[in-house]
Amino acid sequence: MVKYEVIVTTATLAQATTTNNVFIKLVGTDGESKRTWLTSFKGSAAFYLGAESTFSVCCPTSLGKLVLIEVDKKPLPLFPEDAWFPCKVKVKSPEGDVYNFPIYRWIAGSEVHLFREGTALRIFDDNHHLGKYSREKELRLREQLYSWCVYKEGLPHCMKADNPLSLPAEVRFSFTKTTEFVYTASTGLTELKLKGLSCSKKNWSNIDAVRKVFCTKKTDISEYVRQHWRDDAFFGYQYLNGVHPMMIQRCAALPENFPVTDDMMFLRGGSSLTEEMQRGNIFLCDYKHLDGVKPNVINGKKQYLMSPLMLLHKTPDDKLMPIAIQLKQTPADDNPIFFPDDSEYDWLIARIFVRSADFNEHQLNAHLLRTHLLAEVFAVSLLRNVPMVHPLYKLLIPHTRYTLQINYLARLVLISEKGVFTEFAASGGEGMITILKRALTSVTYSSLCMPDDIAERGLEAVPNFYYRDDGLKLWDIIHRLVKGVLGHYYKTDAEVCQDSELQKWIQDIFEHGFLSQERTGIPQQFSTVAEMVKFVTMVIFTCSGQHSAVNSGQYDYGGWMPNTPISLQRPPPTTKGTTSEATMLQTLPDINTTVQGMSTMWLLSKQSTDFVRLGQYPEEHFFEEVPNKLIQDFQGELEVLSTVIKTRNKSLEVPYTYMDPALVENSVAI
């Protein structure tokens, strides 16, 4: 008779405990144990929250190398059925070998669950017939649990779910996350002390009235924004280091529909527009996705959403200054081009229309589409096509945490027919879908890969561009991790081509995320190790650093409404000299629209207490020495980058924190 020592760890999650009887069977290459009831002196406390309990399983002879375990549970008489969340099972064999079985999922009911030994195996490494069987069984079940659904034609597909509780338990919010999210959502207006204003459909009477509401909840940066929102230098700065650094590009030649000439303006330093373009000092923001979009109707009033073109100039003192704004795409006599030397309110209202357009472009394209919706596609394809034992699953699963539920809630609470964005944003409703469809047609693989994107937009040499500086360093750190880990398992390009699970993952992403559009440049298959490494780097970067860059600063830059109006309710001026402070106030959104926007941005910017920062892995999936050493190196590099960013920020008037690894979440979780 031989004895196996079995150590079971229960998670520290709320409600992870079970009082049910737990049973285990060990399955090896040379045989299997009997189904054994796990009992110890601890009694029912053996599987309490956070418990690590040791048991013995006896067998007539050695089972050989362990392949998998079977786990099930049964309630005690008179005790209710409950759900249990074990972290892992460790087994010590009589030969002295140690086997780890990661679980990390809720076990409910009395069904038998199969879990593989933790050593990563590609599909062609899995030679044992029971290993192959469990792999196939796992994926068949996952295909049922994680079904594709068409939310709207022309948009990336999402996961089919009837309500948050219909999501598989292991991808739902924790109890802590659920409680905090519901509390913040329900008390957002109360926290901001805006409850009395949330139903007011009046205009703002003066800017000071906005300030009094804003001052109930502010951050250091939002207060800076309030003080400097009228400054051209700060206005330009936001296109590099605000919450939407994705619009700006170097302008080598003016668009034909933006007829600005040298004699229309005087640039700092005395050079002409043409000369500064040749030197690479002129930049363009073009909101063409918004052209002709049907604007919303809010409080019974038609809203106005422009599709501006804007030029910015890098001055000799390295500031980025707006120098020309045209608010509609088609040049016309009633579509004037505004310049800084126009009257104060002509120039200010032009900038306000640009900022409102930027809000809508940012929320729908840079934020919703390019991080949330794509992260969901990456996650669903992973869960449908890649088993737990696969190295890709082990590498990517931490970057899917909470994504499926937060996206379900976004569709339910923000962009549904009665959602906050639908009811209170200029592009809400029909316009929203139009913009999202247009935005998806503009997505390219290179635009999702930060080094390529920065180069294509001609922004390599722009000074004081902290999104780029921090983001490129973060990309490189992630790339080294991915190259090291996947390179450990895939030594040749032929092995990549041979892995049918890996290939199915990318095929599903191409089909369901990018709607099989070849022009996107998204790979339809992986032919080389390098191709695979780059794509997986992009996935992790998108779900972590990029999402942080376009999400975390929403209240910082949008809390002060005049800087980022969610909607505008008067048309732009058709002639110069007709705008005043009074017309500006009439153009800004109504009081209820403002406070709904403020409370939503507060919710979306608020970090949960069970936040998991980039590089932290509460769940242990890798057990081999090489990937664990690479993860330690990764964590060390992230710490160094965080220190570098914090040191730099001490000397900045406006610190840039959104790519600081200490503040970047591992996944799209808010």
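What counts as what
Residues numbered from 1 in each chain as written. Predicted model: local features only at pLDDT ≥ 70, side-chain atom pairs only at ≥ 80, totals over all residues. Heavy atoms only, no water. Pairing = 2+ DSSP bridges. Helix = DSSP H or I, 4+ residues; strand = E, 2+ residues; numbered from the N terminus. Contact = heavy atoms within 4.5 Å. Axes fitted to C-alpha atoms, helices over the stretch in contact; angles between N-to-C directions. Core = buried A, V, L, I, M, F, W, Y, C linked by side-chain atoms within 4.5 Å. Buried < 20%, exposed > 50% of the residue type's maximum accessible area, 1.4 Å probe, protein only. Phe/Tyr/Trp six-rings, centres within 6.5 Å; stacked < 30°, edge-to-face > 60°. Lys NZ or Arg CZ within 6 Å of the ring centre and 35° of its normal. Parallel < 35°, antiparallel > 145°, perpendicular 65-115°, else oblique. Left-handed = near helix turned anticlockwise from the far one by under 90°. Polar contact = N/O pair within 3.5 Å; in protein donor to acceptor, adjacent residues only side chain to side chain. Nonpolar A, V, L, I, M, F, W, Y, C, P; charged D, E, K, R; others polar. Salt bridge = Lys/Arg side-chain N within 4 Å of Asp/Glu carboxyl O.

Notes on the sheet that holds strand β13 (residues 282-286)
Taken together, five strands build an open sheet; the order of strands is β12-β13-β16-β17-β18 and the sheet is antiparallel. Each having just a single partner strand, β12 (249-250) and β18 (337-338) make up the two edges of the open sheet. Across two bridges, the pairing between strand β17 (residues 320-326) and β18 is antiparallel. Directly across from I325, in β18, lies its bridge partner F338. Contacting β13, β16 (309-314) and β17, helix α5 (residues 232-241) runs over the sheet at an angle of about 90 degrees to β17. Sheet strands touched by helix α7 (residues 344-385): β16, β17 and β18. Its angle to β17, the strand with the most contacts, is close to 90 degrees.

Overview of the nonpolar core
Of all hydrophobic cores here, the largest spans 163 residues; its most connected members are W505, F535 and V536. When residues in this core are grouped by element, the largest group, 23 residues, is from α7. W505 has contacts with F378, S381, L382, N385, V386, L392, L396, F526, F535, V536 and V539, leaving out every residue within four places of it along the chain.

What about the pairing of strand β2 (residues 21-28)?
In terms of burial, β2 is largely enclosed, as eight of its eight residues are buried. By the alternation rule, side chains of β2 split into N21, F23, K25 and V27 and V22, I24, L26 and G28, which are all buried. Here β2 pairs with strand β6 (residues 66-74) via eight bridges, running antiparallel. Paired with K25 across the strands is E70, a residue of β6. Note: β2 against strand β4 (residues 36-37), two bridges, orientation antiparallel. Bridge pairing in β4 places I24 opposite T36.

Digging into the environment of S200
Its location among the elements puts S200 in the loop between α2 (175-191) and α3 (207-214). You can call S200 buried: its relative accessible area is 16%. C-alpha of S200 to C-alpha of N592: the two residues are 392 residues apart in sequence and 5.2 Å apart in space. Non-local contacts of S200, meaning those with residues more than four positions away in its chain, are made with I591 and N592.

Comments concerning the packing of aromatic side chains
Applying the stated criterion across every chain, the model contains 20 aromatic pairs. Both rings, one in F47 and one in W84, keep their centres 5.2 Å apart while their planes meet at 70 degrees; by these two values the pair is edge-to-face. With F47 in the loop between β4 and β5 (52-59) and W84 in the loop between β6 and β7 (86-92), this pair connects stretches of sequence that are 37 residues apart. Residue class for W84 comes out buried when judged on its relative accessible area of 1%. Taking 6.2 Å as the distance between ring centres and 15 degrees as the angle between the ring planes, the aromatic pair formed by F359 and F421 counts as stacked. Residue F359 is found in helix α7, and its partner F421 is found in helix α10 (residues 420-424); the two are separated by 62 residues along the sequence. You'll find F359 and F421 in the same group, each marked buried. Aromatic ring contacts, followed pair by pair, group F378, Y445, W505, F526 and F535 into a single cluster. The ring of F23 carries the charged tip of R35 above its face, separated from the ring centre by 3.7 Å.

A short note on the packing of helix α14 (residues 466-489) against helix α17 (residues 529-551)
Orientation of α14 relative to α17, taken along the N-to-C sense of each, is 140 degrees, at an axis distance of 9 Å. When the axes of α14 and α17 are compared, the pair comes out oblique. Handedness of the α14/α17 crossing: right-handed. Within the contact between the two elements, α14 uses Y467, G471, L474, W475, I478, H479, V482, K483 and L486 and α17 uses M532, V533, K534, V536, T537, M538, I540, F541, S544, G545, Q546 and A549.

Regarding the environment of E223
With respect to the helices, strands and loops of the structure, E223 is situated in helix α4 (residues 220-228). With a relative accessible area of 15%, E223 lands in the buried category. Separated by 184 residues in sequence, E223 and T39 have C-alpha atoms that sit 59 Å apart. Those residues in contact with E223, other than ones at most four positions away along the chain, are F214 and K218. In terms of polar contacts, E223 uses its side chain to reach the side chain of Q227, at 3.0 Å.

Describing the sheet that holds β7
Within the open sheet, the four strands sit side by side as β5-β1-β7-β8. Their pairing is antiparallel. What marks the edges here is a single partner per strand, and that holds for β5 and β8 (98-102). Direction aside, the axes of adjacent strands within the sheet are offset by 20 degrees on average. Here five bridges tie β7 to β8, and the two strands are oriented antiparallel to one another. Pairing of V89 across the sheet is with F101, part of β8.

Examining the packing of α7 against helix α9 (residues 403-414)
Here α7 crosses α9 at 135 degrees, and the two axes come no closer than 9 Å. One element, α7, and the other, α9, form an angle in the oblique class. As for how α7 packs across α9, the hand of that crossing is left-handed. Between α7, through H372, L373, A375, E376, A379, V380 and L383, and α9, the contact on the second element is made entirely by T403, L404, I406, N407 and R411. Its residues assigned to classes, the contact of α7 with α9 comprises seven nonpolar, three polar and two charged.

Things to note about the pattern of salt bridges
In total, this model carries 40 salt bridges according to the counting rule given. In this structure, R135 engages E501 in a salt bridge whose closest nitrogen and oxygen atoms are separated by 2.8 Å. Here E501 lies in helix α16 (residues 500-513) and R135 lies in helix α1 (residues 129-145), a separation of 366 residues in the sequence. As far as the burial class goes, R135 and E501 line up, both buried. As a salt-bridge pair, D590 and K301 come within 2.8 Å of each other at their nearest N and O atoms. Here D590 is found in the loop between α19 (581-587) and α20 (591-605), whereas its partner K301 is found in strand β15 (residues 301-302), with 289 residues between them in sequence. Each of R116, D126, R135 and E501 takes part in salt bridges that share partners, so that together they form one network.

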